[in-house]
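# Coordinate inspection notes
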Amino acid sequence: MTHALNIVWNPSEGIDLGFFIIRFYSLMFVIAFGLGWYIMKNIYDRENESIEKLDSLFIWTVLATLLGARLGHVLFYDWEYFRNHLLEIFLPFRFTPNFEFTGYQGLASHGAAVSIIIAMYYYSKKVLQRPLLWILDRIVIAVASGAIFVRLGNFFNSEIIGKETTSAFGIKFVRDQFSPRDAVNATQIPNPKDAYQAIATNPQFANLLEQVPARHPAQLYEAFCYVFVFAILFFLYWKTEARLKSGFLFGLFLVLLFSVRIIVEFVKESQGGFESALGLLSTGQWLSIPFILIGLYFIFTAKKPVKV
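Let me begin by describing the structure that accompanies this report. Given the structure is predicted, the values throughout are model-derived calculations rather than measurements. (Residues numbered from 1 in each chain as written. Predicted model: local features only at pLDDT ≥ 70, side-chain atom pairs only at ≥ 80, totals over all residues. Heavy atoms only, no water.)

A cluster of nonpolar side chains, Trp37, Tyr38, Phe58, Ile59 and Leu63, forms an exposed patch at the surface whose accessible area comes to about 510 Å². Counting only elements with at least two residues in the nonpolar patch, the list comes to helix H1 (24-46) and helix H2 (52-76). Among the elements that take part in the nonpolar patch, H2 stands out by supplying three residues, more than any other. Note on placement: tryptophan 37 falls in helix H1. (Patch = residues over 30% accessible without salt bridge, like charges linked within 9 Å, V, L, I, M, F, W, Y side chains within 5 Å. Areas by Shrake-Rupley, 256 points an atom, 1.4 Å probe, with all protein chains shown as cover. Salt bridge = Lys/Arg side-chain N within 4 Å of Asp/Glu carboxyl O. Helix = DSSP H or I, 4+ residues; strand = E, 2+ residues; numbered from the N terminus.)

Below, the structure written as structure tokens:
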């Protein structure tokens, strides 16, 4: 039997500048959007589109991603809680049982996908003045690259973890097993950061570390697969005439990305939602199926424009 390597994952919050901490999760989002802007700049240069329109695209995409991902989590995964805590949908705080800064921990990619499509519809009409599928066929290349870093951010945050495993890929997510309060209470070390570090490295607390099961790093599996999704779309756009088939790259993106999502979900811990009512598949898998079907439709109906 293969045994886990017992890698203990207890990363620091981020890069400490003394007066400010750059959190790794936030840094991954910055990299995702920054790389996306750079990719789209090259595409706009190739297509002879005004770079001024790129600024609007960046703003629309950032707002749509964050708002859609947040609402997607609220509606698809945790409505029973948020229906009684409406302010917490948009504010990064928890008010009960105690006031606590939580950040925006709940973000759902399915909600982001819907909101980006809606945002691109208005952007294509009001700013770009091109067909909706033109921008969708190109923005998905940037979105695929961003998805890689978002999942890396989840890994740094020890969230969206996998199921327990005895395989060589298993990782002990200390911060998932113990909340900051639990870590402090268990170690009697008042600083949560020091408490986590003690659990991870101090032999005195080996019994606590033993309570942390090795789990699949599902975030890394997903990020690794998204590298190939991005590479395929990037290659097809730059090296083939696939970009001329309206809707093809958009459809391929939906099929590839959400197929990856369905596969990786098999080793993920449940994220909640409505899966208990439907059974068989997880909430993320059920939500992915419509996107794949829509993607297949666009792949098989994509055609090159008729030359006159």
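Anyway, onward from the coordinates.
Ranked by internal contacts, the top residues of the largest apolar core, which has 52 residues, are Met40, Tyr44, Leu57, Met120, Ile135, Leu233 and Phe248. Taken together, the elements giving at least two residues each to this core come down to H1, H2, helix H5 (109-128), helix H6 (132-156), helix H11 (218-239), helix H12 (248-265) and helix H14 (283-301). For this core, the leading source of residues is H12, giving twelve residues. The next biggest cluster of nonpolar side chains, apart from the first, holds 13 residues, and it includes Ala183, Ala200, Leu208 and Leu209. (Core = buried A, V, L, I, M, F, W, Y, C linked by side-chain atoms within 4.5 Å. Buried < 20%, exposed > 50% of the residue type's maximum accessible area, 1.4 Å probe, protein only.)

Turning our eyes to something else, we now look at H11. With 22 residues, H11 should cover 32 Å at 1.5 Å per step; its first-to-last C-alpha distance of 32 Å lies within 8% of that length. Every buried residue of H11 is accounted for by Ala218, Gln219, Glu222, Ala223, Tyr226, Val229, Phe230, Leu233, Leu236 and Tyr237. Each buried residue of H11 lies within a common arc of 150° when the element is viewed along its axis, so the set occupies one face. Across H11 from its buried face, at more than 90 degrees, point the exposed residues Phe224 and Lys239. In this fold, the buried residues of H11 make contact with H1, H6, strand E6 (171-173) and H12. (Expected span 1.5 Å × (residues − 1). Arc of directions from axis to C-beta. Contact = heavy atoms within 4.5 Å.)

On to unusual backbone geometry. In this model, glutamine 129 sits at a positive phi of 60°, which is unusual for a non-glycine residue. Its identity is not glycine, yet serine 158 carries a phi of approximately 55°, on the positive side. Turning to its location among the elements, serine 158 is positioned in the loop between H6 and E6. Residue classification places serine 158 among the buried residues on the basis of a relative accessible area of 5%.

Take the packing of H11 against H12 next. With their axes 10 Å apart at the nearest point, H11 and H12 run at an angle of 165° to one another. Taken together, the axis directions place H11 and H12 in an arrangement best described as roughly antiparallel. Note that H11 runs across H12; the crossing there is right-handed. In this structure, H11 contributes Ala218, Tyr221, Glu222, Cys225, Tyr226, Val229, Ile232, Leu233, Leu236 and Tyr237 to the contact, and H12 contributes Phe248, Leu249, Leu252, Phe253, Leu256, Leu257, Val260, Arg261 and Val264. Residues of the contact of H11 with H12, tallied by class, amount to 17 nonpolar, no polar and two charged. (Axes fitted to C-alpha atoms, helices over the stretch in contact; angles between N-to-C directions. Parallel < 35°, antiparallel > 145°, perpendicular 65-115°, else oblique. Left-handed = near helix turned anticlockwise from the far one by under 90°. Nonpolar A, V, L, I, M, F, W, Y, C, P; charged D, E, K, R; others polar.)

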